[in-house]
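Coordinates in review
Here is what each chain is made of, one letter per residue.
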Amino acid sequence: MASLRPSSVKLSPFSAITNSFTGFHRNWLSLRAEKLGRVDNAWLRLSPSLKEKSVLRLDAWIISAGHAQELKSFKVQNMSISDGRVDFFDKMKQRFLSFKKHKYMGEVEHFKTLAEVQSPKFMVIACVDSRVCPSNILGFQPGEAFMVRNVANLVPPLENGPTETNAAVEFAVKTLQVQNIFVIGHSCCAGIQTLMTMQDDENPSFIEKWVGNAKVAKLRTKEDANHLSFDQQCKHCEKESINCSLLNLLTYPWIEERVRKGTLSLLGGYYDFLSCTFEIWTLDFKESNAVSHGSKLSVKDRVFWC
């Protein structure tokens, strides 16, 4: 059998990574190659640098020539680490196929219409919290609500400049002509807890800088509920921040104009997932003292679902 010279070995896609990928030791590779009788005197006379390069090539060749079992074993072991992720994606697949079969195919004409145009009546501004999904809680169907989610369901005032949230609001109001903007807060909000505990800092984190948009709500909470426990203060602030966001919406002229004319309503909602209750109210524009984000909010049509 002719000797296999390293220079004649074809590079495998694994050649640059297999030594770290499989955990093979360089000495093991050389011994294994010698044991197979595939290294001749010319190979032994090579300089160290050339040997190093050749070992990488031999590494790839050995795996492809009959030692893929080690690589297979590595993959099986690695798969066990990500079993949870694989199982979850399998569940997602089943949920999607169920949606397609029972929902999409049952309303195929509706979904074809949605593919051409959307005309939602609601814009929903909700928190990113994984426990608070407006579509799940309130049953919004595809095409019914234009939705944006951010930390603590905040709307910054116009003076704070552009953000993803007010860009979405602009699109919803000016382009989609929504009739309602619905700001939904919730219990045990980590964003509000951060707001209530953070101190003035020259280098605030992204989260602290963002929740700072609700600093007015924090100040009002300290004034109105300073005698309450911290948890109760947070709950008070969770609702107060919703009202501040409703007032902040009025700082945008194209929103204030529509609210004044009665073609757009601003609503607040509060979901308590500890008791599974929902509270909803509407901004009373005529009774509000002013339109600036620092003014007091008057509401109407407050209802409580339990």
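Residues numbered from 1 in each chain as written. Predicted model: local features only at pLDDT ≥ 70, side-chain atom pairs only at ≥ 80, totals over all residues. Heavy atoms only, no water.

This brings us to the packing of aromatic side chains. Scanning the entire structure with this criterion turns up nine aromatic pairs. Ring plane angle 35 degrees and centroid distance 5.0 Å describe the contact between Tyr104 and Phe111, whose orientation is recorded as tilted. Just above the ring of Tyr270 sits the side chain of Lys239; from NZ or CZ to the centre is 5.0 Å. Taking NZ or CZ as reference, Arg302 lies 4.8 Å from the ring centre of Trp281, over its face. (Phe/Tyr/Trp six-rings, centres within 6.5 Å; stacked < 30°, edge-to-face > 60°. Lys NZ or Arg CZ within 6 Å of the ring centre and 35° of its normal.)

This next bit is on the confidence of the model for the protein chain. Averaged over every residue, the pLDDT of the protein chain is 80; residues scoring 70 or more account for 70%. Within the model, pLDDT remains below 50 along residues 1-40, and this stretch shows 51 contacts once partners closer than five positions in the same chain are excluded. pLDDT under 50 marks residues 289-294. Its contacts with residues more than four places away, or in other chains, come to 16 contacts. (pLDDT = per-residue confidence, 0-100. Contact = heavy atoms within 4.5 Å.)

This part covers the layout of surface pockets. Taken as a whole, the largest pocket spans an internal volume of roughly 290 Å³. Taken together, Leu195, Met198, Gln199, Asp200, Asp201, Pro204, Glu208, Lys209, Gly212, Asn213, Lys215 and Lys218 make up the lining of the largest pocket. Considered class by class, the residues forming the lining of the largest pocket number three nonpolar, three polar and six charged. Reported here for the second largest pocket is a volume of approximately 220 Å³. (1 Å grid on protein atoms, 1.4 Å probe; cavity = no way out; pocket = protein on both sides within 12 Å on 5 of 7 lines; lining within 4 Å. Points joined across faces, edges and corners; volume = space filled by probe spheres on them. Nonpolar A, V, L, I, M, F, W, Y, C, P; charged D, E, K, R; others polar.)

Moving on, we come to unusual backbone geometry. It is generally the case that most residues other than glycine have a negative phi and that most peptide bonds are trans. Positive phi is not limited to glycine here, since Ala152 has a value of about 70 degrees. Summarising the element assignment, Ala152 is placed in the loop between β2 (145-150) and α9 (164-175). Phi at Asn153 is positive, roughly 45 degrees, even though this residue is not glycine. By secondary structure assignment, the location of Asn153 is in the loop between β2 and α9. (Helix = DSSP H or I, 4+ residues; strand = E, 2+ residues; numbered from the N terminus.)

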